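Reading the structure
So you can see what is in the structure, the chains are spelled out below.
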Amino acid sequence: MNLHPYLLREYNRRWYVVGAAEEDNAMLTFALERILKIVPLPSHKYMEYEGDINEWYEDIVGVTNLKDSPVYEIYFWVSDISKDYVKTKPIHESQRTLNEAKTAEMQEKYKSLKDGQFFRIDCKYNYELIRELTSFGKELIVLEPEHIYNKVKERINGMIEEYEKLRT
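No experiment lies behind these values; they were computed from the predicted model shown.

This part covers the overall build of the protein chain. The number of helices and strands found in the protein chain is 4 helices and 7 strands. Scanning the protein chain from its N terminus toward the C terminus, one meets helices and strands in the order β-β-β-β-α-β-α-β-α-β-α. For the protein chain, whose C-alpha radius of gyration is 20 Å, the value lies well above the compact-globule estimate of 15 Å for 168 residues. In terms of its C-alpha atoms, the protein chain occupies a principal-axis envelope of roughly 65 × 45 × 25 Å. Taking all 168 residues of the protein chain together, the buried fraction comes to 35%. Sequence-distant contacts in the protein chain: of pairs separated by 6 or more residues, those separated by 24 or more amount to 63%. Here the protein chain has roughly 11,400 Å² of accessible surface; of this, 51% comes from carbon and sulfur atoms.

Attention now goes to the packing of aromatic side chains. Applying the stated rule across the entire model yields 4 aromatic pairs. Considering the side-chain rings of Phe76 and Phe119, the 5.6 Å spacing of their centres and the 15 degrees angle between planes classify their relative orientation as stacked. In this pair, Phe76 is assigned in strand β4 (residues 71-78) and Phe119 in strand β6 (residues 117-124), connecting sequence segments 43 residues apart. Of the two residues, Phe76 and Phe119, both sit in the buried class.

Moving on, we get to the pattern of salt bridges. Considering all chains together, one arrives at 9 salt bridges under this definition. Glu105 is the partner of Lys102 in a salt bridge, and the nearest nitrogen-oxygen pair spans 3.1 Å. You can see Lys102 and its partner Glu105 sitting in helix α2 (residues 100-109), 3 residues apart, about one turn around the helix. According to the relative accessible area criterion, Glu105 is partly exposed, its value standing at 42%. Among the ionic pairs, Lys165 bridges to Glu162, the shortest N-O distance being 2.9 Å. Pair noted here: Lys165 and Glu162 are both in helix α4 (residues 146-166), with a separation of 3 residues, about one helical turn. Put simply, Glu73, Arg120 and Asp122 are held in one network by salt bridges that share partners.

Criteria and cut-off values
- Residues numbered from 1 in each chain as written.
- Predicted model: local features only at pLDDT ≥ 70, side-chain atom pairs only at ≥ 80, totals over all residues.
- Heavy atoms only, no water.
- Helix = DSSP H or I, 4+ residues; strand = E, 2+ residues; numbered from the N terminus.
- Rg over C-alpha atoms; globule rule 2.2 N^0.38 Å.
- Buried < 20%, exposed > 50% of the residue type's maximum accessible area, 1.4 Å probe, protein only.
- Contact = heavy atoms within 4.5 Å.
- Areas by Shrake-Rupley, 256 points an atom, 1.4 Å probe, with all protein chains shown as cover.
- Phe/Tyr/Trp six-rings, centres within 6.5 Å; stacked < 30°, edge-to-face > 60°.
- Salt bridge = Lys/Arg side-chain N within 4 Å of Asp/Glu carboxyl O.

Dropping the structure here:
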């Protein structure tokens, strides 16, 4: 496969090259340490990226951009134990704390969640998003939308199944 590289990007202490496939112009991402061989092709005309390549990453956590995924308004609650950490190291640049009216609405809707703080991010679904949201364990609970809630719950249930296999 021939790749027209556009960007080197670091995520989670790993470097990636991002570029377009020559065959269909599909945007692809490859971890640098997994690339075994690079062969320059001076006979091929380089295809420039149209626009700002950094916009490719505006709506995602990590490096995987599933272009068919919509941008979701994701609401989550963080316990008092972790809320200051999440405030000072946001999960995504779109992260916001909720205003008083929206906080009151969420408190009414999710009465079992005591103390803590509610947040919102606007992101596309991808593997890195779910991994990041589940990394806080019970200190972060995804509330909405249903699709993201279900993906987090599936990951947690999968973890429980694997742990239960060890003791049966």
